[in-house]
Amino acid sequence: MATKPTHQQAQLHLQVYDLRREARLREARDWFFRNYRVESFDDAMRITAPGTEGGTFAMMVMGYWEQACALLDYGLLHEDLFFETSGEFFGVWERLRPVVPEFRKRFVHQQFLAHMERAAQRFEAWMENRSPGHIAAVRQFMQQMTPQPTAGAKA
């Protein structure tokens, strides 16, 4: 975006940020990055079954970032400002990306997390243009942070 954020966009951006500081959402975000490591729909259901604390936390994180990305998609948030200051959504998307197609299929909901997906695609191109190699480094870091099964451990 070649324009500067408007005062209204900056105000909304600060409000979106302020919501991230809410104690329960902060707890959910911490839980998500510590625990949400899935490769399949079944993994996701095991970790975040409806009615469990994990399920509640995952839905809070997904809902928050999907809403923030919807505001971005509709032009209510300034894209450069959002990308410069809100990279966490991309880490959330990277954790969700492997299972979103199956969620969409099983629940017959092709728009499930579509705002986050579009924002992540734009962010990836935006970041690659400004800092080539950053996305690959983030993905490598996230992969290293994912515990690997040990020999003899049950899958």
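To keep things clear, this report deals only with the structure shown in the data block. On a predicted model such as this, the values are computed, not experimentally measured, just so you know.

This next bit is on the overall build of the protein. For the protein, the count of helices and strands is nine helices and zero strands. Ordered by position in the sequence, the α and β elements of the protein form the string α-α-α-α-α-α-α-α-α. Expected size for 155 residues packed as a compact globule is a radius of gyration near 15 Å; at 16 Å, the protein falls within 12% of this value. Taken along its principal axes, the extent of the C-alpha atoms in the protein is 55 × 35 × 30 Å. Expressed as a percentage of its 155 residues, the buried residues of the protein come to 39%.

Turning to the packing of helix 8 (residues 114-130) against helix 9 (residues 134-145), a few remarks are in order. The geometry of helix 8 relative to helix 9 is characterised by a closest axis approach of 8 Å and an angle of 120° between their N-to-C directions. Two secondary-structure elements touch here, helix 8 through Phe 123, Glu 124, Met 127 and Glu 128 and helix 9 through His 134, Ile 135 and Arg 139. For the contact of helix 8 with helix 9, the residue count by class is three nonpolar, one polar and three charged.

Now for the nonpolar core. In terms of nonpolar packing, the biggest core is built from 39 residues, with Trp 65, Phe 82, Phe 89, Leu 96, Leu 113, Met 116 and Phe 123 touching the most fellow members. Those residues within four positions of Phe 89 in sequence are excluded, and the remaining contacts are Trp 65, Cys 69, Phe 82, Phe 83, Met 116, Ala 119, Ala 120 and Phe 123.

Another aspect to go through is the side chain of His 13. Residue position: His 13 is located in helix 1 (residues 7-20). Judged by relative accessible area, which is 11%, His 13 ranks as buried. Within the structure, His 13 has its side chain in polar contact with the side chain of Thr 85 (distance 2.8 Å). Contact partners of His 13, with chain neighbours within four places excluded, come to Leu 77, Leu 81, Phe 82, Thr 85 and Ser 86.

Turning our attention to the pattern of salt bridges. When the charged atoms of two side chains lie near each other, side chains of opposite charge can form a pair. Throughout the structure, instances matching the rule amount to 14 salt bridges. Of the charged contacts, one joins Glu 27 and Arg 24 as a salt bridge, the two residues approaching to 3.4 Å between their closest N and O atoms. With Glu 27 and Arg 24 both in helix 2 (residues 23-35), this residue pair falls three residues apart, about one helical turn. With a closest N to O distance of 3.5 Å, Asp 43 and Arg 46 form a salt bridge. Of this pair, Asp 43 and Arg 46 both sit in helix 3 (residues 41-47), three residues apart, roughly one helical turn.

Before going further, it helps to examine the packing of aromatic side chains. Applying the stated criterion to the full structure yields 18 aromatic pairs. Between Trp 65 and Phe 89 the ring centres are 6.2 Å apart and the planes differ by 45°, which places this aromatic pair in the tilted class. Here the residue Trp 65 occupies a position in helix 4 (residues 53-73), and Phe 89 occupies one in helix 6 (residues 88-96), the gap between them amounting to 24 residues. Its relative accessible area of 0% is what places Phe 89 among the buried residues.

Cut-off values and rules
- As a convention, each chain's residues are numbered from 1 in the sequence order in which they are written.
- pLDDT decides what is reported in this predicted model: residues at 70 or higher carry local features, side-chain atom pairs at 80 or more are listed and counted, and totals for whole chains, interfaces and linings draw on all residues regardless.
- As a convention, hydrogens and water are excluded, and side-chain values are obtained from all of the structure's heavy atoms.
- Only DSSP runs of H or I reaching four residues or more are called helices, and only runs of E reaching two or more are called strands; each is numbered from the N terminus.
- Every radius of gyration here is taken over C-alpha atoms, with the globule rule written as 2.2 Å times N^0.38, N being the number of residues.
- Relative accessibility under 20% of the residue-type maximum defines a buried residue, over 50% an exposed one, and the middle range a partly exposed one, all with a 1.4 Å probe and only protein chains included.
- Each axis is a line fitted through C-alpha atoms, and for a helix only the stretch in contact is used; angles between axes span 0 to 180 degrees, taken between their N-to-C directions.
- Here, two residues are considered to be in contact whenever any of their heavy atoms come within 4.5 Å of each other.
- Side-chain classes are defined by residue name, with Ala, Val, Leu, Ile, Met, Phe, Trp, Tyr, Cys and Pro counting as nonpolar, Asp, Glu, Lys and Arg as charged, and the others, Gly among them, as polar.
- Grouping buried Ala, Val, Leu, Ile, Met, Phe, Trp, Tyr and Cys residues that are joined through side-chain atoms within 4.5 Å yields what is termed a nonpolar core.
- We call two N or O atoms a polar contact when they sit within 3.5 Å, provided that within protein one can donate a hydrogen and the other can accept it, with sequence-adjacent residues counted only if both atoms are side-chain atoms.
- The salt bridge definition used is simple: a Lys or Arg side-chain nitrogen within 4 Å of an Asp or Glu carboxyl oxygen.
- Each Phe, Tyr or Trp ring (for Trp, its six-membered ring) is paired with any other whose centre lies within 6.5 Å, and the angle between the two planes then decides the class: stacked below 30 degrees, edge-to-face above 60, tilted in between.

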